[in-house]
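One-letter residues, chain by chain:
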Amino acid sequence: MGMNLSSDIQRIRHDVVVIGAGGAGLRAAIASSSRGLDTGVVCKSLLGKAHTVMAEGGCAAALGNADSRDNWKVHFRDTMRGGKFLNQWEMAELHAKHAPDEVKLLEQWGAVFDRTPEGLIGQRNFGGHRYPRLAHVGDRTGLEMIRTLQDHAIHQQGIQVHMECTALRIVMDGDKLAGVLAYWRDAGRFVLFECNAVILATGGGGKAWRITSNSWEYTGDGFDLAYKAGAELVNMEFTQFHPTGMVWPPSVRGILVTEGVRGDGGILLNSEGERFMFNYIPEKFAAETADSEEEAERWLAGDKNARRPPELLTRDVVARAITKEVQAGRGSPHGGVFLDIASRRPADVIRRKLPSMYHQFKELAEVDITKDAMEVGPTLHYFMGGIRVDSNTQMTRVPGLFACGECSGGMHGANRLGGNSLSDLLVFGMLAGNGAADYLDKLEATPQASSETVDAAIREATAPLNREEGPNPYLLHEELQDVMNNGVNIVRDKEGLESAIQSLDSLKQKASAVKAHGSSQYNPGWHEAISLSPLLITAESVARAALAREESRGAHTRIDFPGEQDRWQAVHVIISKSADGSMNVRQESAQAPPERLSEIAHSSLTDLEGGSA
Amino acid sequence: MSQRNFKIWRGDADGGEFKDYSVECGEGMVVLDAIHRIQTEHSGDLAVRWNCKAGKCGSCSMEIDGKPKLSCMTRLSDYQPEKTVTVQPIKAFPIIRDLVSDVSWNYEQNKRIHPFQPDESSSEKGLVMHQKDVDRVQEFRKCIECFLCQDVCHVLRDHEKHDEFVGPKFMIRLAGLEMHPADTADRIASIREDFGSGLCNITRCCTDVCPEHIVITDNAIIPLKERVVDRYYDPVAWLLGKLFGGRKKKPVDAIEPTKTIRV
Ligand SMILES: Cc1cc2nc3c(=O)[nH]c(=O)nc-3n(C[C@H](O)[C@H](O)[C@H](O)COP(=O)(O)OP(=O)(O)OC[C@H]3O[C@@H](n4cnc5c(N)ncnc54)[C@H](O)[C@@H]3O)c2cc1C
Ligand code: SF4
Ligand code: SF4
Ligand code: FES
């Protein structure tokens, strides 16, 4: 195709451009347009198809509907403990405080959550949450959330949605943001969005691994866009492996099995029929976890004095336990363990509470989960790390560039609690929209997009089409996935990480020479070729951060450095692009937490119940 | 593993043809897996939409051996191994390329529908609604916007009355709003006048293809038609209902679409 230079490129002007139309992006766009700003929303897929639609279990918010002892402080404490105290403290505070109002706002916008017997928003149990806290709709909570936001946003003055449009590069004017270059999937034409604030809400980068719950969209574009624009990435080593992904048949390996199965009473068994999680209770959680099957049964029956079953320990703990059982030869036929709800709940309850799980196993694995156990194993699921932002404004260190949702880092520390993402999207989407509005209020001059960046990015993007020959982008992507699944998996060591980094280096060379056949018109091979660059930046940043952190904490496990190390307790691993183009990794001491927060985080539960502390 | 044959429609708005492909298929594979394999091995530019690969997002709709289906939930083992499987895009909408059609019309219809308009009853604890009163609304809200029902509805597919009828997908959207216990907008007049409820002649083809098993015709369209009939042909009963505790107060029209969603 011909060279599409910046001079004759399509231009669209907005005050703010939100990249991403998942929960975070839509919530941000609603917030910024409510402040009177002309807001463009750009997304790779059709509206309503973002990852958020796939979320199953629920959205965590201390509404206190199912157990009145719950309040924001207990939620905050659970989040910090789950995150191994590496969370950005103020973010965890803002999240716990705002989540209940955000959920009720969704209800005002038309969301219909499952109800309590009193007719209030129902809440379910999930790992790491002290009380039943997740507002939910069966096991399709994300669908309810994205549809509500979508239906609200399309009627909101000032929002314009640009579907099937992929952002390629942030364009600067000196040190200030001036726009974003993108291309339309249908025709393959380029478009320059001229704007003075961009909110990244692009989600994670799970597609760098082979076994993942993530879709094709998750190629880490936001990390790449931010990194190249000069922003920092924080704690990228913390990638969450969800303990329960499908393992059989091979074509569905990695697809998620919601934690709601365990929240509603499901138990994990090894091939000997043993409920093995009782053998893996970490000391720190022993006081709050049932130590016998008898106690766990009482909890399930609703006894408020019984402690929670060990299946509901945080995800890092459960995922590691499953890995160990499989390694010890006590796995299921296809290399997972058994997840049993059939013997725990009547068939009609299972079908009502977990309809899409029932459907998914029936159709894809020919397993009836009301009769038989599922086979499950860990799957790469979520990025705790991400673009570094200010806790209150969500702005990166690049003026005018904001980030929220899964692509941003800090809120979840070393491990995210289930359900805390959907609430995170709402709270920080809202704050990012307001942050961008505040920034524009104060901005004096109007930055102008530089044409050199635009031309260079267009040339780079079209190169795979214009080349005569080169490696197949699909196969290169598969190679990259193998590198990550082998060297940067759930359990890591120095040797494996170093060799992964080396392999990534040689993949970079190959990626710069890939060939995409066909035209620029709706060409997935070309899109695959373009996404190799963000995938490689994502993979390299995770591998380098994982190599830097010489301890095991939360979702990051180093067999050569077992256990949490005091020296690393308050250290963030920060990644940025150096002047020479190489990836810079440095360690930074975290600021001491505000006293009011550290007091809550270290309080006993009885002090916090009823909000007395 | 065994070799399987496929006929896949390739082309764009200017026309196209079926092309033959053959790939290795293994246990548990779905049609979408085979398409991905074809992309990797034979034809990198084969255009297809997908996201979740688990029947949750409604992106991967296509016609497989003539039947509208989600390709990520259609197992190859449902087809005889020696038979060629034919795959083409959904027909009721214009083609962009290969298996991808332009479904933007649907997004425009959604914008015409007056949004949820809650009453004032929300308290500090949110709305009070009982599960039995929201079960039906929740059924409609399971919709994953796959547009398969739109694809099979003969009013759209064969008669191309896109200007007169919004289609089953948006009848359930309207029904979900009308039956929401806290909604106050009254869309009955526009359901008939603007959204064309009268054009549906209850063939139930939409209900048969819905992958979410939403009983579109009986649970949504027929009750809406009944409400329309009550309004137009039994206005006294309607007026009495309104005077004595009828909840819906504000008649609202369809919203004039402005082109703000671009595909
Ligand atoms: C199967 C599954 C189940 C889950 N269940 C739960 C749960 O029960 N509870 C919970 O709290 N969390 C859950 N999660 C996690 C949660 O769903 C995600 O973390 C969250 O939805 C991410 O939302 P987001 O708004 O940040 O991004 P997404 O919803 O992923 O949206 C990203 C958006 O960015 C766009 N985008 C990306 N790159 C570009 C680009 N270059 N140009 C333009 N647009 C771009 C995409 O098109 C998309 O619109 C689950 C995740 C999965 C995969
Ligand atoms: S029942 Fe009505 S809406 Fe459904 S396919 Fe038939 S005519 Fe169309
Ligand atoms: S009603 Fe059913 S068939 Fe129609 S769009 Fe929704 S999910 Fe698809
Ligand atoms: S890919 Fe989501 S429904 Fe098929």
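Just so we're clear, the structure is a prediction, and the values are computed from it rather than from any experiment. (Residues numbered from 1 in each chain as written. Chains lettered and ligands numbered in written order. Predicted model: local features only at pLDDT ≥ 70, side-chain atom pairs only at ≥ 80, totals over all residues. Heavy atoms only, no water.)

J.: Looking at this structure, I do not really get the overall build of chain B. What am I missing?
T.: A count of helical and extended segments in chain B gives ten helices and ten strands. For chain B, the spread of C-alpha atoms along the principal axes amounts to about 70 × 40 × 35 Å. Considering only contacts in chain B between residues 6 or more positions apart, those separated by 24 or more positions represent 66%. Total accessible area on chain B is roughly 11300 Å²; 51% of this is exposed by carbon and sulfur atoms. Across chain B, 38 positive and 41 negative side-chain charges occur, with their mean positions spaced 3 Å apart. (Helix = DSSP H or I, 4+ residues; strand = E, 2+ residues; numbered from the N terminus. Contact = heavy atoms within 4.5 Å. Areas by Shrake-Rupley, 256 points an atom, 1.4 Å probe, with all protein chains shown as cover. Lys, Arg positive; Asp, Glu negative; His and termini not counted. Charge placed at Lys NZ, Arg CZ, Asp CG, Glu CD.)

J.: Even after reading the chapter, I still don't get the site of ligand 3, so can you show me in this structure?
T.: What surrounds ligand 3 is the set B:Cys143, B:Ile144, B:Glu145, B:Cys146, B:Phe147, B:Cys149, B:Lys169, B:Ile172, B:Cys210, B:Pro211 and B:Ile216. Per-class residue counts for the shell around ligand 3 are nine nonpolar, no polar and two charged. (Near = heavy atom within 4 Å. Nonpolar A, V, L, I, M, F, W, Y, C, P; charged D, E, K, R; others polar.)

J.: Help me out: how do you make sense of the environment of B:Arg192 in this one?
T.: Residue and element names in this part refer to chain B. Tracing the backbone through its elements, the reader meets Arg-192 in helix α7 (residues 188-193). For Arg-192, a relative accessible area of 32% puts it in the partly exposed group. Among the polar contacts made by the side chain of Arg-192, one reaches the side chain of Glu-193 at a distance of 3.3 Å. (Buried < 20%, exposed > 50% of the residue type's maximum accessible area, 1.4 Å probe, protein only. Polar contact = N/O pair within 3.5 Å; in protein donor to acceptor, adjacent residues only side chain to side chain.)

J.: Before we go on, may I ask you to explain the site of ligand 2 in this structure?
T.: Around ligand 2, 13 residues are found, and the nearest of them are B:Cys153, B:Cys200, B:Thr203, B:Arg204 and B:Cys206. Elements supplying a minimum of two residues to the shell around ligand 2: α8 (205-209) and α9 (216-233) of chain B.

J.: Teacher, can you tell me more about the domain arrangement of chain B here?
T.: A common measure of how large an interface is: the accessible area buried when the components associate. All names here are of chain B. Under the domain assignment used here, chain B contains domain 1 (2-101) and domain 2 (104-259). The C-alpha centroid of domain 2 is placed 32 Å from the C-alpha centroid of domain 1. Residue-level contacts link 14 residues of domain 1 with 15 residues of domain 2. Buried area between domain 1 and domain 2, summed over both chains or domains, comes out near 1000 Å², and the portion from carbon and sulfur atoms is 62%. When the area that domain 1 buries against domain 2 is broken down by residue, the three leading residues are Pro-68, Ala-92 and Phe-93, summing to 48%. (Domains from an automatic or database assignment. Buried area = accessible area lost by both parts, 1.4 Å probe.)

J.: Would you mind going over the domain arrangement of chain A with me for this structure?
T.: All names here are of chain A. Per the domain assignment, the segments making up chain A are domain 1 (11-240 + 381-442), domain 2 (243-380) and domain 3 (455-564). A straight line from the C-alpha centre of domain 1 to that of domain 3 covers 24 Å. Each partner contributes to the interface: domain 1 provides 37 residues, whereas domain 3 provides 37 residues. Between domain 1 and domain 3 lies a buried interface of about 3100 Å² when both sides are counted; carbon and sulfur atoms form 61% of it. Of all residues in domain 1, the largest losses of buried area upon contact with domain 3 belong to Trp-209, Arg-210 and Glu-237, amounting jointly to 22% of the total for that side. Here domain 1 and domain 3 share three salt bridges between them. Between Glu-237 and Arg-549 there is a salt bridge, with its nearest N and O atoms 2.6 Å apart. Linking domain 1 with domain 3 are 20 residue pairs in polar contact (both at pLDDT 80 or more). For the side of domain 1 that touches domain 3, the secondary structure elements donating two or more residues are β8 (165-173), β9 (176-184), α5 (221-229) and β13 (239-246). Take the side of domain 1 that touches domain 3: its biggest share by element is five residues, from α5. (Salt bridge = Lys/Arg side-chain N within 4 Å of Asp/Glu carboxyl O.)

J.: Which parts of the structure should I look at to understand the nonpolar core?
T.: In a soluble, globular protein the nonpolar side chains are often hidden away together inside. Residue and element names in this part refer to chain A. By size, the foremost hydrophobic cluster in this structure holds 194 residues, and its most contacted members are Phe-193, Val-198, Leu-200 and Leu-401. Broken down by element, this core gets its largest block of residues, twelve residues, from helix α12 (residues 420-442). Sequence-distant contacts of Leu-401, that is, excluding residues within four places in its chain, are made with Ile-170, Leu-177, Val-198, Leu-200, Ala-226, Ala-229, Ala-231, Gln-394, Met-395 and Thr-396. (Core = buried A, V, L, I, M, F, W, Y, C linked by side-chain atoms within 4.5 Å.)

J.: It is not clear to me how the interface of chain A and chain B should be interpreted in this structure. Could you clarify?
T.: Each side of the interface is counted separately: chain A has 70 residues, and chain B has 63 residues. For the pair chain A and chain B, the summed buried area comes to about 5600 Å², and 52% of that belongs to carbon and sulfur atoms. Remark: the boundary between chain A and chain B carries six salt bridges. There are 42 residue pairs in polar contact (both at pLDDT 80 or more) connecting chain A and chain B. Of all the secondary-structure elements, those providing two or more residues to the side of chain A that touches chain B are α3 (89-108), α4 (141-153), β7 (159-162), α11 (355-365), α14 (473-487) and α16 (524-548) of chain A. With seven residues, α11(A) is the single largest residue contributor to the side of chain A that touches chain B.

J.: Explain the sheet that holds strand β21 (residues 571-577) of chain A to me, please; I cannot follow it from the model alone.
T.: All names here are of chain A. With respect to topology, four strands assemble into an open sheet ordered β17-β12-β21-β22, the strand pairing being antiparallel. Because the sheet does not close on itself, it has two edges, and the strands there are β17 (386-387) and β22 (583-589). The pairing of β21 with β22 spans seven bridges and is classified as antiparallel. Residue pairing in the sheet places Ser-576 in a bridge with Asn-584 of β22. The sheet contacts of α16 involve β12 (233-234), β21 and β22, and relative to β22 the element is tilted by about 45°. (Pairing = 2+ DSSP bridges. Axes fitted to C-alpha atoms, helices over the stretch in contact; angles between N-to-C directions.)

J.: In this structure, what is going on with unusual backbone geometry? I would like to understand it.
T.: For residues besides glycine, phi is generally negative; the peptide bonds are generally trans as well. Along the chain, A:Trp248 connects to A:Pro249 via a cis peptide bond; the corresponding omega equals -5°. Not every positive phi belongs to a glycine, and B:Glu145 is a case in point at roughly 55°. Counting through the fold element by element, B:Glu145 comes out in the loop between α3 (131-141) and α4 (148-152). On the accessibility criterion, B:Glu145 (3% relative accessible area) is buried.

J.: I tried to follow the pairing of strand β16 (residues 374-383) of chain A on my own but got confused; where do I start?
T.: Regular strands have side chains that alternate between both faces of the sheet. Residues and elements named next belong to chain A. By the criterion of burial, β16 is predominantly enclosed, with nine of the ten residues buried. With six bridges joining them, β13 and β16 adopt antiparallel strand pairing. By the bridge assignment for β16, Gln-240 is matched with Tyr-382. Pairing analysis gives three bridges linking strand β15 (residues 337-340) to β16, with the strands arranged antiparallel. Paired with Phe-338 across the bridge in β16 is Glu-375.

J.: Could you clarify how one ought to interpret the side chain of A:Asn125 in this entry?
T.: Residue and element names in this part refer to chain A. Mapped onto the elements, Asn-125 comes out in the loop between β5 (123-124) and β6 (134-135). Within the local environment of Asn-125, its side chain forms a polar contact with the side chain of Arg-308, the two groups lying 3.4 Å apart. Setting aside residues up to four positions removed in sequence, Asn-125 forms contacts with Tyr-131, Pro-132, Gly-263, Trp-299, Arg-308 and Leu-312.

J.: Which parts of the structure should I look at to understand the packing of helix α1 (residues 23-34) of chain A against α12(A)?
T.: Helix-helix packing is characterised by the crossing angle of the two axes and by the distance between the axes. All names here are of chain A. With their axes 7 Å apart at the nearest point, α1 and α12 run at an angle of 40° to one another. The orientation of α1 relative to α12 falls into the category oblique. In this structure, the crossing between α1 and α12 has a hand that is right-handed. Between α1, through Gly-23, Ala-24, Arg-27, Ala-28, Ala-31 and Ser-32, and α12, the contact on the second element is made entirely by Leu-425, Leu-426, Gly-429, Met-430, Gly-433 and Asn-434. A breakdown of the residues in the contact of α1 with α12 according to their chemical character gives six nonpolar, five polar and one charged. (Parallel < 35°, antiparallel > 145°, perpendicular 65-115°, else oblique. Left-handed = near helix turned anticlockwise from the far one by under 90°.)

J.: Where do I start with the confidence of the model for chain B in this structure?
T.: Low pLDDT means the predicted coordinates in that region are not meant to be read closely. Summarising the model, chain B shows a mean pLDDT of 92, and 94% of its residues fall at 70 or more. For this predicted complex, the interface score ipTM comes out at 0.94, while the overall pTM is 0.95. (pLDDT = per-residue confidence, 0-100.)

J.: Help me understand the packing of α5(A) against α16(A) in this model?
T.: All names here are of chain A. Direction vectors running N to C along α5 and α16 enclose 80°, while the axes themselves pass 8 Å from each other. It follows that α5 is roughly perpendicular to α16 by the angle criterion. For the pair α5 and α16, contact is made by Asp-221, Phe-223, Asp-224, Tyr-227 and Lys-228 and by Ser-533, Pro-534, Ile-537 and Thr-538, respectively. For the contact of α5 with α16, the class distribution of residues is four nonpolar, two polar and three charged.

J.: How do you make sense of the environment of A:Ile537 when you look at a structure like this?
T.: All names here are of chain A. On the secondary structure map, Ile-537 appears in helix α16. On the basis of relative accessibility, which here comes to 12%, the residue Ile-537 falls in the buried class. Between the alpha carbons of Ile-537 and Asp-224 there is a distance of 6.2 Å; along the sequence they are 313 residues apart. Excluding its chain neighbours within four sequence positions, the residues that come into contact with Ile-537 are Asp-224, Tyr-227 and Met-583.

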